[in-house]
Amino acid sequence: MDWASLYGTIQQSYSSEVTMFRTRFAPSPTGYMHIGNLRTALYAYLTAKGAGGTFILRIEDTDQNRNVPESVQAIYNGLRLAGIEYDEGPDKDGGYGPYVQSQRLPIYKEYAKKLTNSGHAYFCFCQKEDKPILEKTGERTQGYRDPCRNLSPDEVKAKFNEGIMPVIRQRIPDQGVSTFFDHVYGEISIDHAQLDDQVLLKSDGFPTYNFANVVDDHLMAITHVIRGQEYLTSTPKYNLLYQAFGWERPEYIHLPHIIKEDGSKLSKRKGDPSFEDLVRMGYLPEAIVNYVALLGWNPGDEREYFLLPDLVTAFDMNRIVKSNAAFSFDKLRWLNGEHIRALSPKEFHRRALPYYPAGFERFNLEQISALIQVRTENLSDIPGLVGFFGKLPSYEAELFAHQKSKSTPESSKQVLQAVQPLFAEIEEWSNENLFAVLKGLALSLGLKVGTVMWPIRTALSGQEISPGGATELAVILGKDETLRRISLGLEKLD
RNA sequence: GCUCCUAUGGUCUAGUGGUUAGGACGCGGCCCUUUCAAGGCUAAAACCCGGGUUCGAGUCCCGGUAGGAGCACCA
């Protein structure tokens, strides 16, 4: 008993009767997970999961020249990082495998043969170099029709005997218009005259994307094809293929592109970050996923903060926007801050830990984390935020003048001098005690609380701004270091 | 060149014939405050242009313009 094929059959009939959603993410392993890919994967995942369906990973490695072996690993990593879990994939058989196209070569050959037999495709013996570059010259006003499309069986046989390795081309009907429905773009019609007799099977025996995607999507029982908008105009060619095979075609969801704010496209070469790069830059994976989901889709209400499970329930492919969206680091940064603030203090601390500078073990890092969580928009802000704890920056006496706090070098000197003996006496170095002492000092000196706090905070941080106020910094620095920094401040004031 | 697609503040977007055109980021101001954040309030800022259809168009139609995409033995 062949259980694998039996399982496949069962699933297949189930899927067609119950219209179980099956979507796939089908990247080619050419490098890393870029932002557009991430969103395509996400939308495919959400479409399937929102309907209780199945999400599949398929590797499209039919271009032997462009494959980067390690990048399959990068795809796994990217999906895992994003929390996008696939139900079927190269390492997770669901009965529709193999899920790597280079392992499906005999399948493509078999189906290509069906097409040549039925006349929907033909052998072409032209050499690559023979093909003139026709586009953009104005000469190409019709779809490409290869001279080989009318070769007689004898001629084909003769060419074969010459030892020429042919390609197989799709025979596009000369007349007619193809129309299909896309969930994002609506009804699309394209004249067959615009379509080329595209190559289905290359001379190296590998299929082209144009062929493999149709065969695999059908064989893998994909119900919803979700991919970039660049495939919109070639979709009629795929539909003709479905028709030639007598297969039912899938639903289509073509996605607009993600571009830069200046309107140009994202590109690794120009230094635009990939998903992994963004994570490395200190953005939370869940924030990136959230942000990317919003680039071209909205929930129909005013929510913007989403975790993946909420996206699953909120997502609706019919609310995908048609126009390109510009990637805004400003907004990502804000959303990242939202996600950081939404973390439990414990979880934030866990994620912040790797970002603390060397030597910070001597501090109570949980306390520092508690202070900086609300002030952190990006994890990589952390070193800059906390640096002064480790080493007091050099600063000028002018820093003690602060209008809003009614602080002047004179008042600062007075406060710092008064504070020294007071602090020295404190036994329990707690925020409450420190605050009480300083409030009392303000009262006895007849000064605003701010006027007392400012010089202390300044002396402790050496900065105009700091995460946390005077007493909070003092608690973290400890009594000795606090006293030392106050003396240092006093020296500047002399 | 041909074909397809798109077009609401700087950016992401809501809007499906009648709205003071809503929200978010960013930017400005105010409040709060132990500096800065966070939080709250608030201001400025948009329907690409031209024709129609209609009592009435951001919304429908046509034409421009601008932008994007496709036209590979790449995906």
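Every value quoted in this text rests on a predicted model; they were computed, and no experiment measured them. (Residues numbered from 1 in each chain as written. Chains lettered and ligands numbered in written order. Predicted model: local features only at pLDDT ≥ 70, side-chain atom pairs only at ≥ 80, totals over all residues. Heavy atoms only, no water.)

## Comments concerning the packing of aromatic side chains
Working step 1: Counted under the stated rule, the structure contains 22 aromatic pairs.
Working step 2: Ring geometry for Tyr 395 against Phe 400: centres 5.8 Å apart, planes inclined by 65 degrees, an arrangement best described as edge-to-face. Pair check on accessibility: Tyr 395 and Phe 400 agree, each one buried.
Working step 3: Ring-pair connections join several aromatic residues into one group, and the members of that group are Tyr 356, Phe 360, Phe 363, Phe 388 and Phe 389.
Working step 4: In this arrangement the basic side chain of Lys 268 is found over the ring face of Tyr 32, its NZ or CZ atom lying 4.7 Å from the centre.
Working step 5: In this structure, Arg 457 is placed above the aromatic ring of Trp 454, and the distance from its NZ or CZ to the ring centre is 4.8 Å. (Phe/Tyr/Trp six-rings, centres within 6.5 Å; stacked < 30°, edge-to-face > 60°. Buried < 20%, exposed > 50% of the residue type's maximum accessible area, 1.4 Å probe, protein only. Lys NZ or Arg CZ within 6 Å of the ring centre and 35° of its normal.)

## Some thoughts on helix H16 (residues 431-445)
Working step 1: Here H16 spans 21 Å end to end across 15 residues, near enough to the 21 Å set by a 1.5 Å rise per residue.
Working step 2: Considered for burial, the residues of H16 that qualify are Leu 434, Leu 438, Leu 441 and Ala 442. Looking straight down H16, one finds its buried side chains confined to an arc of 100 degrees; they lie on one side. In H16, those exposed residues whose orientation departs by more than 90 degrees from the buried face are Glu 432, Leu 443 and Ser 444.
Working step 3: Tucked into the core, H16 has its buried residues touching helix H15 (409-425), helix H17 (449-461) and helix H18 (470-477). (Helix = DSSP H or I, 4+ residues; strand = E, 2+ residues; numbered from the N terminus. Expected span 1.5 Å × (residues − 1). Arc of directions from axis to C-beta. Contact = heavy atoms within 4.5 Å.)

## Quick notes on the pattern of salt bridges
Working step 1: Taken as a whole, this structure holds 25 salt bridges when the rule is applied.
Working step 2: A salt bridge links Arg 149 to Asp 197, with the shortest nitrogen-to-oxygen separation between them at 3.0 Å. Linking Arg 149 in the loop between strand E3 (121-124) and helix H5 (153-161) with Asp 197 in the loop between strand E6 (186-191) and strand E7 (199-201), this pair joins segments that are 48 residues apart in sequence. For the pair Arg 149 and Asp 197, one class covers both residues: buried.
Working step 3: In this structure, the salt-bridge partner of Asp 277 is Lys 268, at a minimum N-O distance of 2.7 Å.
Working step 4: Under the relative-accessibility criterion, Asp 277 is labelled buried at 16%.
Working step 5: Among the charged side chains, a salt-bridge network with shared partners connects Arg 24, Arg 58, Glu 60, Arg 104, Asp 216 and Asp 217. (Salt bridge = Lys/Arg side-chain N within 4 Å of Asp/Glu carboxyl O.)

## Description of helix H14 (residues 382-390)
Working step 1: Restricting attention to buried positions, one finds in H14 the residues Ile 382, Val 386, Phe 388 and Phe 389. Seen end-on, H14 carries its buried residues on one side only, within an arc spanning 150 degrees.
Working step 2: Close packing links the buried residues of H14 with helix H12 (345-352), helix H13 (365-372), H17, H18 and helix H19 (479-493).

## Here we look at the environment of Ile 368
Working step 1: Relative to the assigned elements, Ile 368 resides in helix H13.
Working step 2: Residue classification places Ile 368 among the buried residues on the basis of a relative accessible area of 0%.
Working step 3: For the pair formed by Ile 368 and Phe 389, sequence separation is 21 residues and the distance between their alpha carbons is 9.4 Å.
Working step 4: For Ile 368, the contacting residues outside a window of four places in its chain are Tyr 356, Phe 360, Phe 363, Val 386, Phe 389 and Ile 476.

## Details of unusual backbone geometry
Backbone phi values are negative for most residues with the exception of glycine, while trans is the configuration of most peptide bonds.
Working step 1: Residue Pro 98 is reached from Gly 97 by a cis peptide bond, and omega for that bond is -5 degrees.
Working step 2: You can see Pro 98 is positioned in the loop between helix H3 (70-82) and helix H4 (105-118).
Working step 3: The phi dihedral of Ala 221 falls on the positive side, at around 60 degrees, and the residue is not glycine.
Working step 4: By the secondary structure assignment, Ala 221 is in the loop between helix H6 (209-219) and strand E8 (224-228).
Working step 5: Here Ala 221 falls in the buried class, since its relative accessible area comes to 12%.
Working step 6: The residue Lys 406 is not glycine, and still its phi comes out positive at about 55 degrees.
Working step 7: One can find Lys 406 in the loop between H14 and H15.

## Here we look at the side chain of Arg 457
Working step 1: In this structure, Arg 457 sits in helix H17.
Working step 2: Here the side chain of Arg 457 touches Gln 463 through a polar contact of 2.6 Å, landing on its backbone oxygen. (Polar contact = N/O pair within 3.5 Å; in protein donor to acceptor, adjacent residues only side chain to side chain.)

## Concerning the side chain of Ser 412
Working step 1: Mapped onto the fold, Ser 412 is located in helix H15.
Working step 2: By relative accessible area, Ser 412 is classed as buried at 0%.
Working step 3: When residues no more than four places from it in sequence are discounted, the contact partners of Ser 412 are Phe 400, Ser 407, Pro 455 and Leu 493.

## Focus: the sheet that holds strand E4 (residues 167-170)
Working step 1: In spatial order, the strands read E3-E4-E7; together these 3 strands make up an open sheet with antiparallel pairing. Both outer strands of the open sheet, E3 and E7, are each paired with one neighbouring strand and no more. On average, each strand axis in the sheet is inclined to that of its neighbour by 45 degrees, with strand direction left out of account.
Working step 2: With 2 bridges connecting them, E4 and E7 associate as antiparallel partners. Note that in E7 the partner of Arg 169 across the bridge is Val 199. (Pairing = 2+ DSSP bridges. Axes fitted to C-alpha atoms, helices over the stretch in contact; angles between N-to-C directions.)

## Brief notes about the state of the cysteines
Working step 1: Tallied over the full model, the rule gives 0 disulfides.
Working step 2: Cys 148 supplies the cysteine sulfur nearest to Cys 126, a cysteine that is in no disulfide, at a spacing of 3.6 Å.
Working step 3: You can call Cys 126 partly exposed: its relative accessible area is 22%.
Working step 4: Its relative accessible area of 7% is what places Cys 148 among the buried residues. (Disulfide = S-S within 2.5 Å.)

## Things to note about the pairing of strand E5 (residues 177-182)
Working step 1: Side-chain alternation along E5 places Ser 178, Phe 180 and Asp 182 on a buried face and Val 177, Thr 179 and Phe 181 on a face that remains uncovered.
Working step 2: Where E5 meets E6, 6 bridges bridge the pair, whose relative direction is antiparallel. From the neighbouring strand, Val 177 faces E6, where its bridge partner is Asp 191.
Working step 3: Connecting the antiparallel pair E5 and E6 is a turn made up of 3 residues.

## Considerations on the packing of H13 against H14
Working step 1: Packing of H13 against H14 brings their axes to within 11 Å, and their N-to-C directions diverge by 125 degrees. Relative to H14, the element H13 lies oblique. In the packing of H13 onto H14, the handedness of the crossing is right-handed. Contacts between H13 and H14 involve Ile 368, Leu 371 and Ile 372 from the first element and Ile 382, Leu 385, Val 386 and Phe 389 from the second.
Working step 2: Along the lines of polarity and charge, the residues of the contact of H13 with H14 split into 7 nonpolar, no polar and no charged. (Parallel < 35°, antiparallel > 145°, perpendicular 65-115°, else oblique. Left-handed = near helix turned anticlockwise from the far one by under 90°. Nonpolar A, V, L, I, M, F, W, Y, C, P; charged D, E, K, R; others polar.)

Interpretation note: all reported values are geometric properties and have no functional meaning in isolation.
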